[in-house]
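Structural description and commentary
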Amino acid sequence: MLLSLVLHTYSMRYLLPGVVLLGTAPTYILAWGVWRLLSACLPARFYQVVDDRLYSVYQRMVLFFFENYTGVQILLYGDLPENKENIIYLANHQSTVDWIVADILAIRQNALGHVRYVLKDRLKWLPLYGGYFPQHGGIYVKRSAKFNEKEMRNKLQRYVNTRTPMYLVIFPEGTRYNPRQTKVLSASQAFAAQKGLAVLKHVLTPRIKATYVAFESMKNYLDAIYDVTVVYEGKDDRGQRKASPSMTEFLCKECPKIHIHIDRIDKKDVPEQQEDMRRWLHERFEIKDKMLIEFYDSPDPERRNKFPGKTVNSKLSIKKTLPSVLILSGLTAGMLMTEIGRKLYIYTWIYGTLLGCLWVTIKT
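Keep in mind that this is a model prediction, so the values were computed, not measured.

Take the overall build of the protein chain next. Each helix and strand in the protein chain was counted, giving 13 helices and eight strands. Relative to the 2.2 N^0.38 estimate, which gives 21 Å for 364 residues, the radius of gyration of the protein chain is 21 Å and therefore close to what a compact globule would have. The buried share of the protein chain, taken over its 364 residues, is 48%. Considering only contacts in the protein chain between residues 6 or more positions apart, those separated by 24 or more positions represent 80%. As presented, the protein chain carries roughly 18,300 Å² of accessible surface, and 59% of it is formed by carbon and sulfur atoms. In the protein chain, 51 positive and 34 negative side-chain charges are present, and the distance between their average locations comes to 6 Å.

Below, the structure is given as structure tokens:
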């Protein structure tokens, strides 16, 4: 009985973050909506500056729970840029927490508000968030033959024309890697072999389209590409790599450490032709794969469970995140204390979601 209670209590650790993060969403969307209306007649740059600031406030609250609350240890390797840059962020994809890892790096460069994502098209139906992401600079894309290259180019060109700060996050694999999903891995390896490319073990064969279009559209505006390799520490009972934690599992503190390796690649070192870039991108994922093989399978115990090079144990100060929790929670609590506020809160959930879905439907 006691053991069951302990296990139940442990599994409920995600409830507090979940309630706060979802509970404050209408407050955030309402604040953003007011600014969107007020800025309708202003130049796009004015809207973007305030929107970036609002986004940073919300994401700092997210990082409070995913970093300060969980107590996860962040270990950084490789190039550690400190200044803001306009970049494309390319990373291996294995968990829904991967989106938060981009925030973890961006806040350490004071660029949290500049994070924008290339997203799977189906995410546009998310309540509230689905309609907001493209307003912040996110881009929804479809796979393979349905990929709308022209639409992505046009959006990115608008951001370049308005000098929008860019921390564009792309996961070239397109699908999350999971060692248990052997069919997905086998299909990826078979595709690589068919194309005469190196077969990869710990990552999937990367897709080129989104990366190529993003770089080609912004090459004169970008400073660099960040090639990021992420490991959520943990092995199964047999000592093998296990599936990376979901957001819920992560918030239940099931991941003690995140290892993050960053290679900063100057834009002049990136090939511009699509076929050349395809080979270059696959070579970058070969490098990732070799690092991950060394991390998980090295015969030398001294080289396992870490990336090569100097390790920096990076701790995020609670002073950077807690104020956002207090502000958004306080505003939400204040709204819910009055009848008008409660109605406004509910209407924001309902009509904000419906209007967001209508907007993305019209735009696509």
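From this point, the narrative continues.
Here the focus is the side chain of histidine 259. Locating histidine 259 in the fold gives a position in strand β7 (residues 257-266). At 2.6 Å, the side chain of histidine 259 and the side chain of glutamate 233 are in polar contact. In contact with histidine 259, not counting residues within four places along its chain, are Leu75, Tyr77, Thr229, Val230, Val231, Glu233, Phe295, Asn305, Lys306 and Phe307.

Next up on the list: the pattern of salt bridges. This structure, assessed with the given rule, holds 19 salt bridges. Between arginine 116 and aspartate 52 there is a salt bridge, and its shortest N-O distance comes to 3.0 Å. Taken together, the residues arginine 116 in strand β3 (residues 115-120) and aspartate 52 in helix α4 (residues 44-69) connect sequence positions 64 residues apart. Note on accessibility: arginine 116 and aspartate 52 belong to one class, buried. Its salt-bridge partner being lysine 201, residue aspartate 297 comes within 3.0 Å of it at the nearest N-O pair. One end of the pair, aspartate 297, is in helix α11 (residues 274-297); the other, lysine 201, is in the loop between α8 (182-194) and α9 (209-218), and 96 residues separate them in sequence. On the basis of relative accessible area, lysine 201 is assigned to the partly exposed category, the value being 41%.

Time to look at the side chain of glutamine 59. Its place among the elements puts glutamine 59 in helix α4. The contact partners of glutamine 59, leaving out residues within four places of it in the chain, are Asp103 and Leu112.

Moving on, we come to unusual backbone geometry. At leucine 128, a position not held by glycine, the phi torsion is positive, near 65°. By secondary structure assignment, the location of leucine 128 is in the loop between β3 and α6 (129-132). By relative accessible area, which is 3% here, leucine 128 ends up buried. Even without glycine at this site, asparagine 305 takes up a positive phi of about 60°. Along the chain, asparagine 305 falls in the loop between α11 and β8 (312-314). For asparagine 305, a relative accessible area of 35% gives the class partly exposed.

Moving on, we get to the packing of helix α3 (residues 25-38) against helix α13 (residues 339-363). As a packed pair, α3 and α13 sit with axes 9 Å apart at the nearest point and diverge in direction by 85°. By the angle between their axes, α3 is roughly perpendicular relative to α13. Contacts from Pro26, Ile29 and Leu30 of α3 reach α13 at Leu344, Tyr345, Thr348 and Trp349.

To continue, consider the packing of aromatic side chains. Per the stated rule, a full pass over the model turns up 17 aromatic pairs. Between tyrosine 58 and tyrosine 129, the aromatic rings sit 6.4 Å apart at their centres with planes inclined by 55°, giving tilted as the arrangement. With tyrosine 58 in helix α4 and tyrosine 129 in helix α6, the pair connects residues that are 71 residues apart, well separated along the chain. This pair shows no difference in class: tyrosine 58 is buried, exactly as tyrosine 129 is. The residue whose ring lies beneath arginine 36 is tyrosine 47, and the NZ or CZ to ring-centre distance is 4.0 Å.

Criteria and cut-off values
- Residues numbered from 1 in each chain as written.
- Predicted model: local features only at pLDDT ≥ 70, side-chain atom pairs only at ≥ 80, totals over all residues.
- Heavy atoms only, no water.
- Helix = DSSP H or I, 4+ residues; strand = E, 2+ residues; numbered from the N terminus.
- Rg over C-alpha atoms; globule rule 2.2 N^0.38 Å.
- Buried < 20%, exposed > 50% of the residue type's maximum accessible area, 1.4 Å probe, protein only.
- Contact = heavy atoms within 4.5 Å.
- Areas by Shrake-Rupley, 256 points an atom, 1.4 Å probe, with all protein chains shown as cover.
- Lys, Arg positive; Asp, Glu negative; His and termini not counted.
- Charge placed at Lys NZ, Arg CZ, Asp CG, Glu CD.
- Polar contact = N/O pair within 3.5 Å; in protein donor to acceptor, adjacent residues only side chain to side chain.
- Salt bridge = Lys/Arg side-chain N within 4 Å of Asp/Glu carboxyl O.
- Axes fitted to C-alpha atoms, helices over the stretch in contact; angles between N-to-C directions.
- Parallel < 35°, antiparallel > 145°, perpendicular 65-115°, else oblique.
- Phe/Tyr/Trp six-rings, centres within 6.5 Å; stacked < 30°, edge-to-face > 60°.
- Lys NZ or Arg CZ within 6 Å of the ring centre and 35° of its normal.

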